[in-house]
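Below are the chains, spelled out letter by letter.
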Amino acid sequence: MKKVFYAPYVMLALALMGIMVAFYDAYSIYNGQPLWCPPPINGCNEVANSPYARIFNLPVGYYGVVYYLYMFGLAALLAFDPFSHGLRFAALAYAALGVCFSIYFMYLQIAFIHAFCIYCLASAVTTLLLFIAALSHFRATRALRR
């Protein structure tokens, strides 16, 4: 009987949500439109216009779109080949890298910008959940390979 692994499908859904959040941010900034920020968290535009919102003169949202597209691709490949050591490790490593960047960006918002962006928070939670799903998949498939 074939064991079904749900983590890659969870990762697909999370990556899709991340793509939507990052794309909205990137699209708004590209077109010069202010971000819609729901109360009580209304610091989205302060964060987006801060000097910390760009890396190599590109908005952070652009990098977010690339990150989530890559995670979506990894999750799709994992759905077809859940035991691939390279894919499992890549998903785990890339998700861990995303968590590190999310922690860094949250630190910048707290310590330097003094404003919070709901989209950054949604992206950080999504990235953390991606990491948890990748880690659980890595552990489950490692245990079955032995």
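Located above this text is the structure these notes cover.
Here the residue numbering is sequential within each chain, running from 1 through the sequence in written order. With pLDDT at 70 or above as the cut-off, local features in this predicted model cover only qualifying residues; side-chain atom pairs require 80 or more to be listed or tallied, and sums for whole chains, interfaces and linings still use all residues. Only hydrogens and water are set aside when side-chain values are computed; all heavy atoms of the structure are taken into account.

Enquirer: Can you tell me about the overall build of the protein, naming the residues and giving the values?
Expert: Strands are runs of DSSP state E lasting at least two residues, helices are runs of H or I lasting at least four, and both sets are numbered from the N terminus onward. Regarding its fold elements, the protein presents 5 helices and 2 strands. Seen in sequence order, the protein has helices and strands lined up from the N terminus as α-α-β-β-α-α-α. Across its three principal directions, the C-alpha atoms of the protein cover 55 × 30 × 30 Å. Accessible areas in this description were obtained via Shrake-Rupley with a 1.4 Å probe; residue shielding takes into account the shown protein chains only. On the protein, roughly 8800 Å² of surface is accessible, and the fraction owed to carbon and sulfur atoms is 72%.

Enquirer: Help me get a handle on the state of the cysteines, residues and values and all.
Expert: Any pair of cysteine sulfurs within 2.5 Å is marked as a disulfide. This structure, assessed with the given rule, holds 1 disulfide. Residue Cys-100 stays outside any disulfide, its sulfur separated by 17 Å from that of Cys-120, the closest cysteine. Left without a disulfide partner, Cys-120 is nearest to the cysteine sulfur of Cys-117, which lies 3.5 Å away.

Enquirer: Give me the side chain of Asp-25: which residues, what numbers.
Expert: Its place among the elements puts Asp-25 in helix H1 (residues 7-30). As a buried residue without a salt bridge, Asp-25 has its nearest oppositely charged side chain in Arg-54, at a separation of 9.7 Å. Any two residues having at least one pair of non-hydrogen atoms within 4.5 Å are treated as being in contact. If we ignore the near neighbours within four places in the chain, the residues touching Asp-25 are Leu-35 and Gly-61. Burial classes follow relative accessibility: with a 1.4 Å probe on protein chains only, a residue under 20% of its type's maximum area counts as buried, one over 50% as exposed, and anything between as partly exposed. His is not counted, nor are the chain ends, whereas Lys and Arg count as positive and Asp and Glu as negative. Just to be clear on terms, a salt bridge is a Lys or Arg side-chain nitrogen sitting within 4 Å of an Asp or Glu carboxyl oxygen.

Enquirer: Any chance you could break down the packing of H1 against helix H3 (residues 60-80) for me, citing the residues and the numbers?
Expert: For the pair H1 and H3, the least separation of the axes is 8 Å and the interaxial angle reads 160°. In terms of their interaxial angle, H1 and H3 are classed as roughly antiparallel. Note on packing geometry: the crossing formed by H1 with H3 is left-handed. Partitioned by chemical class, the residues of the contact of H1 with H3 number 21 nonpolar, 3 polar and 1 charged. Here an axis means a line fitted to C-alpha atoms, over the contact stretch when the element is a helix, while the angle between two N-to-C directions is reported on a 0 to 180 degree scale. Angle categories: roughly parallel below 35 degrees, roughly antiparallel above 145, roughly perpendicular from 65 to 115, and oblique for all the rest. If you view the pair so one helix is near and one far, a crossing is left-handed when the near helix is turned anticlockwise from the far one by less than a right angle, and right-handed when it is turned clockwise. When residues are sorted by character, Ala, Val, Leu, Ile, Met, Phe, Trp, Tyr, Cys and Pro go into the nonpolar class, Asp, Glu, Lys and Arg into the charged class, and all the rest, Gly among them, into the polar class.

Enquirer: Provide a residue-level description of the packing of H3 against helix H4 (residues 85-113), including the pertinent values.
Expert: Direction vectors running N to C along H3 and H4 enclose 155°, while the axes themselves pass 10 Å from each other. By the angle between their axes, H3 is roughly antiparallel relative to H4. Note that H3 runs across H4; the crossing there is left-handed. Of H4, the residues touching H3 (which contributes Val-60, Tyr-67, Tyr-70, Met-71, Leu-74, Leu-77 and Leu-78) are Leu-87, Arg-88, Ala-90, Ala-91, Tyr-94, Ala-95, Gly-98 and Phe-105.

Enquirer: Describe unusual backbone geometry, listing the residues and the values that go with them.
Expert: The phi dihedral of Phe-56 falls on the positive side, at around 55°, and the residue is not glycine. Relative to the helices and strands, Phe-56 resides in the loop between strand E1 (54-55) and strand E2 (58-59). By relative accessible area, Phe-56 is classed as exposed at 77%.

Enquirer: Could you give an account of a nonpolar patch on the surface, naming the residues involved and the relevant values?
Expert: Side chains of Tyr-52, Leu-97, Phe-101, Tyr-104, Tyr-107 and Phe-112 sit close together on the surface and give an oily, nonpolar patch of about 610 Å² of accessible area. Positionally, Phe-112 belongs in helix H4. Taking the relative accessible area as the measure of exposure, Phe-112 reaches 42% and is therefore partly exposed. Grouping into patches uses exposed residues only, defined as over 30% relative accessible area, and leaves out salt-bridged ones; the cut-off is 9 Å for like charges and 5 Å for nonpolar side chains (Val, Leu, Ile, Met, Phe, Trp, Tyr).

Enquirer: Outline the packing of aromatic side chains, supporting the account with residue identities and numerical values.
Expert: For this analysis, a ring pair means two rings from Phe, Tyr or Trp (six-membered ring only for Trp) whose centres lie within 6.5 Å, classed as stacked if their planes differ by under 30 degrees, edge-to-face if by over 60, and tilted for the remaining angles. Tallying each qualifying case throughout the model produces 9 aromatic pairs. For the pair Phe-23 and Tyr-27, a centre-to-centre distance of 5.9 Å together with 25° between the ring planes defines the contact as stacked. In this pair, Phe-23 and Tyr-27 both sit in helix H1, 4 residues apart, roughly one turn of the helix. Among the residues examined, Tyr-27 registers a relative accessible area of 43% and is labelled partly exposed.

Function-wise, these values are silent; they only describe arrangement.
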